[in-house]
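Structure at a glance
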Amino acid sequence: MNIIIDILILFIIINTLLKLSFWKFWQILVMAILAGGFLFFVYPFAIEQSQVKMKEYLQNTEILSNIAILVTLESAICLSFCFTALLEYMNGKQSKWNSVLKFYPGLLIFPVLLYLLTQSFFTFTGFDFEVLSMLFAVIVIVWIIGLSFGIRYLVPEKDLRLEIHFLMSLFVAILGLIVTTSGKMVYVAVDEPLNFQRLGFTFGLFGFLFFAGFFINKIWWKFFRKP
């Protein structure tokens, strides 16, 4: 269960950074400052949480169902952005819906950052919580800016980034539903060994789809979009 949630959190972070890679520098800067300010604003609430409370939250089927609804809605918005961007690219006309959806950064990143902040309190128990929150906020600001531009540098093609964003949104939606289903099952033992075969298949499938899309994109531009 914890592994699924960790993977979901990782995909939400990557998906948000992918979306921000379409933005301008000042827009990314504003988003990064909002994320850092949010962390410093909610740290008193994060201090009151405990590991027992967090486990209870993650085993509460009602909370997990609400999370699944939010994840599905956000994934639907991200997928809508991908489709409107594709239609805009194919038709050669600017879409009003795409212009609106483009500037939706994704709200799931905020509860994810709150969760990571609480985990940092559990890990660094000897630090002053206010100082730790400030350090965490500064790190988040730097990472949002740096990684957004890092993705843009590594994947300069907008259509390829759009394809990755589409795949990530699908994975986030699927994992959100899996989290809800897992919460209704009998909780497995903590010492149960990881199923590396299934994990390998999941990441292998993602890698295959990623590289397939990459090479199809290159072939398309070489043979069909050549002036």
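As the structure is a prediction and not an experimental result, all values here were calculated from the model. (Residues numbered from 1 in each chain as written. Predicted model: local features only at pLDDT ≥ 70, side-chain atom pairs only at ≥ 80, totals over all residues. Heavy atoms only, no water.)

Digging into the nonpolar core
- Grouped together as the largest cluster of nonpolar side chains are 28 residues, with contacts concentrated most on Leu39, Leu117, Val140 and Ile144.
- Taken together, the elements giving at least two residues each to this core come down to helix 2 (25-47), helix 4 (61-91), helix 6 (109-123) and helix 7 (129-154).
- Sort the elements by how many residues they give to this core and helix 2 lands first, with eight residues.
- Residues contacting Val140, with those up to four places away along its chain left out, are Ala35, Leu39 and Leu113. (Core = buried A, V, L, I, M, F, W, Y, C linked by side-chain atoms within 4.5 Å. Buried < 20%, exposed > 50% of the residue type's maximum accessible area, 1.4 Å probe, protein only. Helix = DSSP H or I, 4+ residues; strand = E, 2+ residues; numbered from the N terminus. Contact = heavy atoms within 4.5 Å.)

Some remarks on the packing of helix 6 against helix 7
- Where helix 6 meets helix 7, the closest approach of the two axes is 11 Å, and the angle between their N-to-C directions is 135°. By the angle class used here, helix 6 and helix 7 are oblique. The way helix 6 lies across helix 7 gives a crossing that is right-handed. Of the residues in helix 7, those in contact with Leu113, Leu116, Leu117, Ser120 and Phe121 of helix 6 are Phe129, Leu132, Ser133, Phe136 and Val140.
- Tallied by class, the residues present in the contact of helix 6 with helix 7 amount to eight nonpolar, two polar and no charged. (Axes fitted to C-alpha atoms, helices over the stretch in contact; angles between N-to-C directions. Parallel < 35°, antiparallel > 145°, perpendicular 65-115°, else oblique. Left-handed = near helix turned anticlockwise from the far one by under 90°. Nonpolar A, V, L, I, M, F, W, Y, C, P; charged D, E, K, R; others polar.)

Observations regarding the side chain of Thr16
- By the element assignment, Thr16 lies in helix 1 (residues 2-20).
- Overall, the relative accessible area of 5% leaves Thr16 in the buried class.
- With residues near it in sequence (within four places) discarded, Thr16 still touches Pro105 and Ile109.

Examining the packing of helix 1 against helix 7
- Remark: helix 1 packs on helix 7, axes separated minimally by 8 Å, with the N-to-C direction vectors making an angle of 70°. Overall, the two elements helix 1 and helix 7 adopt an arrangement that is roughly perpendicular. For the pair helix 1 and helix 7, contact is made by Leu17, Leu18 and Leu20 and by Ile144, Leu147, Ser148, Ile151 and Arg152, respectively.
- Of the residues belonging to the contact of helix 1 with helix 7, the class tally is six nonpolar, one polar and one charged.

With respect to helix 2
- The terminal C-alpha atoms of helix 2 lie 33 Å apart, and with 23 residues this matches the ideal 33 Å at 1.5 Å per residue to within 8%.
- Where helix 2 bends most, at Phe41, the angle is about 40°, and the proline Pro44 comes one to four residues later.
- Restricting attention to buried positions, one finds in helix 2 the residues Gln27, Ile28, Met31, Ala32, Ala35, Gly36, Leu39, Val42, Tyr43 and Ala46.
- In this fold, the buried residues of helix 2 make contact with helix 1, helix 6 and helix 7. (Expected span 1.5 Å × (residues − 1). Bend = angle between axes of the 7 residues up to and from the residue.)

Side note on the confidence of the model for the protein chain
- Model confidence for the protein chain is summarised by a mean pLDDT of 81, while 83% of its residues fall at 70 or above.
- Per-residue pLDDT, averaged within each element of the protein chain, yields its smallest value for helix 9 (residues 196-223) (68) and its largest for helix 7 (93). (pLDDT = per-residue confidence, 0-100.)

Regarding the environment of Val30
- Following the sequence through the fold, Val30 ends up in helix 2.
- Residue classification places Val30 among the partly exposed positions, given a relative accessible area of 42%.
- The sequence separation of Val30 and Ile141 amounts to 111 residues, and the corresponding C-alpha distance is 9.5 Å.

Some details on a nonpolar patch on the surface
- Where nonpolar side chains cluster on the molecular surface, the patch consists of Val138, Ile139, Val142, Trp143 and Leu147 and spans about 490 Å² of accessible area.
- Its location among the elements puts Leu147 in helix 7. (Patch = residues over 30% accessible without salt bridge, like charges linked within 9 Å, V, L, I, M, F, W, Y side chains within 5 Å. Areas by Shrake-Rupley, 256 points an atom, 1.4 Å probe, with all protein chains shown as cover. Salt bridge = Lys/Arg side-chain N within 4 Å of Asp/Glu carboxyl O.)

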